[in-house]
Amino acid sequence: MKWNLLTSETTRVVKLPDDIYPIDLHWFPRSVGGKKQSHAESFVLTSSDGKFHLISKLGRVEKSVEAHCGAVLAGRWNYEGTALVTVGEDGQVKIWSKSGMLRSTLAQQGTPVYSVAWGPDSEKVLYTSGKHLIIKPLQPNAKILQWKAHDGLISKTDWNSVNDLILSAGEDCKYKVWDSYGRLLYSSQPHEYPITSVAWAVDGELFAVGSFHTLRLCDKTGVHNVINDAVDLLEFRDRVIKASLNYGHLVVSTSLQCYVFSTKNWNTPLIFDLKEGTVSLILQAERHFLLVDGGGLYLYSYEGRLISSPKFPGMRTDILNAQMVSLSNDTLAVKDKADEKVIYIFEALSGKPLGDGKPLTHKTEIVEIALDQKGLTSERKIAFIDKNRDLYITSVKRFGKEQKIVKIGTMVQTLAWNDTSNILCGIQDTRFTVWYYPNTVYVDKDLLPKTLYEKDASEFSKNPQIVRFVGNQITIRRADGSLIHLNISPYPAILHEYVSSSKWEDAVRLCRFVKDQTMWACLAAMAIANKDMATAEIAYASIGEIDKVQYINSIKDLPSRESRMAHILLFSGNTQEAETLLLQASLIYQAIQVNINLYNWDRALELAVKHKTHVDTVLAYRQKFLEDFGKKETNKRFLQYAEGLEVDWNKIKAKIEMEIARERERAAASPAVRASVTVQQ
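What counts, and at which threshold
Residues numbered from 1 in each chain as written. Predicted model: local features only at pLDDT ≥ 70, side-chain atom pairs only at ≥ 80, totals over all residues. Heavy atoms only, no water. Axes fitted to C-alpha atoms, helices over the stretch in contact; angles between N-to-C directions. Helix = DSSP H or I, 4+ residues; strand = E, 2+ residues; numbered from the N terminus. Parallel < 35°, antiparallel > 145°, perpendicular 65-115°, else oblique. Left-handed = near helix turned anticlockwise from the far one by under 90°. Contact = heavy atoms within 4.5 Å. Nonpolar A, V, L, I, M, F, W, Y, C, P; charged D, E, K, R; others polar. pLDDT = per-residue confidence, 0-100. Salt bridge = Lys/Arg side-chain N within 4 Å of Asp/Glu carboxyl O. Buried < 20%, exposed > 50% of the residue type's maximum accessible area, 1.4 Å probe, protein only. Polar contact = N/O pair within 3.5 Å; in protein donor to acceptor, adjacent residues only side chain to side chain.

## Some words on the packing of helix α4 (residues 517–529) against helix α5 (residues 533–542)
Move 1: Direction vectors running N to C along α4 and α5 enclose 150°, while the axes themselves pass 8 Å from each other. By the criterion of interaxial angle, the relationship of α4 to α5 is roughly antiparallel. For α4 against α5, the interelement crossing comes out left-handed. On α5, the residues touching Gln-517, Trp-520, Leu-523, Ala-524, Ala-527 and Ile-528 of α4 are Met-533, Thr-535, Ala-536, Ile-538, Ala-539, Tyr-540 and Ser-542.
Move 2: Classifying every residue of the contact of α4 with α5 gives 10 nonpolar, 3 polar and no charged.

Given below as structure tokens:
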């Protein structure tokens, strides 16, 4: 039989011959990489006579295949629709082509196999064996994973391709959730009757559990105003599929339409029709929201206007979830499911790939992504967790140069950006951590640990999820479904606000009032990032970083604006950019001296030779360096240029003083030149 979920109509698909007792069925995957499959309108049906049958949606039996001795207990297509796995009472696990030709017998055991599922990459198969679950890769001789999962016979299992989690159900009346290494994440209380069926929703957000007279779904969505305890009951003409409440708007998709409510007015929603009634994800940003359905990604304004519909090659939208897609006011990021090391980044308003159109690529697979929400587009950051559970951050705009991807955390299970300021929170191992100013890694890496807030996270039990981070409140869902609310200090958000409006005096006053080292550390990094050296000096002095205060003081005394800018870049570890800036401003000696100070001897000599100046300066400093360490020159280039050259320190010092004097004169005399340099930079 088949049911139409919109009209609740029931129709008969096929009347099977009397001697066929059906046991399991599975639809062929609907689309792969956005292309409809020729088989897509058919399903496999397994039966008690040892056969499986390929049947079209019109009910025609296209093919019946002798598959097992005894009943065929389950059959499943892989995610690409290129193979079928069947299991039976004879204890065999068999792999078939999509046309029903036997490819291999993957396993043979003495007890019936009741259920089977494919791994997310279609490279492994999970099946039951009595009280045990077994994961077996398709490659011969690969390692098999087996564990005892229940105290009774396991009747059903399912493996989700999006979150990589496994469900199992047994005659011990429990259902359980496992990771793909066989570690238990959740076990239900015993029910009255054995659990007979379990199934994931495609996006991995929900699952259904079936038992005698019972069907459970493990999540729900409601609306409740906590300010005055008013309750509004919103009724819809059609079935509600998804809902999301954020940024003062409630977005609800039914099977036919999308409703957008303002939280100020529940009576007159904005309504528009949907092409497909299969919305699988709603994401909201302050200015717009994203709908994801089987057909694509659609960005709408809160007035219901379609803004853009981004696409990338091989896009599969039916398996996207909130961990794989992130939205901010100007940017949309989507993790590629085909190559999990890749993140596609789009301009929200045009739907076009950002910058040079190249996606962001990491060295290992990525499991979760999140864009920050505030500030300028040019400073937009993306944070992501890779499969080693390391947390990285990088800019989405790359300005033609490879943007540094920097690690800022380890053993991170879940993360979220704040809705109104660029503060990041996450749970790493047994600690709940807040990165009050993650951008610190680009400004002064050593300062990052001082800009964190940490507390013990053992109260959240295993595998908690951060649901949202709004204002200074964080909501965490524990594995058992209960919600915990945490409050953090409101002051860092106020500091962000002051700095974004360039209210430096207010920022310093706030830090003096709060008297907290973390706040001063954040202010120091923010001041350097915004090149406000006076504030930076106060902040670094307040956390006792005297060497940095001295360096900032030395920057103030530099002869020209270009030198000062270059040394601020050096302070943040951006050596290459500092050198480029000095060379653009024709400050050749300064560029050479920067490399000498960093012991980049080869580069210093290369610049001196190329610009035919200060070769003797480089050789003199190199000689002094080697003498200090009691070493002899072995570098061939240095030996070649040192031949017949006498080092005269008086001459060199005079030349350096002349360079500095010339730079001062130029800086004083030529504001036009300075302006052009600023534009270039």
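## Quick notes on the confidence of the model for the protein chain
Move 1: For the protein chain, the average pLDDT comes to 88, and 94% of its residues sit at 70 or higher.
Move 2: Here helix α14 (residues 671–680) is the element of the protein chain with the lowest mean pLDDT, 41, and strand β13 (residues 116–118) is the one with the highest, 97.
Move 3: Here residues 672–681 scores under 50 on pLDDT; set against residues more than four positions off or in separate chains, the count is 13 contacts.

## A few points about the pattern of salt bridges
Move 1: Inspection of every chain in the model, using the stated rule, returns 27 salt bridges.
Move 2: Residue Glu-606 is joined to Arg-603 by a salt bridge in which the shortest nitrogen-to-oxygen separation is 2.9 Å. Taken together, the positions of Glu-606 and Arg-603, both in helix α10 (residues 601–610) and 3 residues apart, correspond to about one turn of that helix.
Move 3: Looking at Glu-606, the relative accessible area reads 39%, which means it is partly exposed.
Move 4: Each of Asp-444, Asp-446, Lys-450, Glu-545 and Lys-548 takes part in a single network of salt bridges with overlapping partners.

## Considering the side chain of Asp-179
Move 1: Position of Asp-179 among the secondary structure elements: in the loop between β19 (175–178) and β20 (184–187).
Move 2: Classification of Asp-179 as buried rests on a relative accessible area of 10%.
Move 3: Only 2.6 Å separates the side chain of Asp-179 from the side chain of Arg-183, close enough to count as a polar contact.
Move 4: Once residues lying within four places of it in the same chain are set aside, the contact partners of Asp-179 are Asp-164, Leu-165, Ile-166 and Leu-185.

## Quick word on the environment of Leu-391
Move 1: With respect to the helices, strands and loops of the structure, Leu-391 is situated in strand β38 (residues 391–395).
Move 2: Taking C-alpha positions, Leu-391 is 41 Å from Ser-104, a pair spaced 287 residues apart along the chain.
Move 3: Setting aside chain neighbours within four positions, we find Leu-391 in contact with Ala-383, Phe-384, Ile-385, Val-406, Lys-407, Ile-408, Gly-409, Val-412, Leu-415, Leu-424 and Trp-435.

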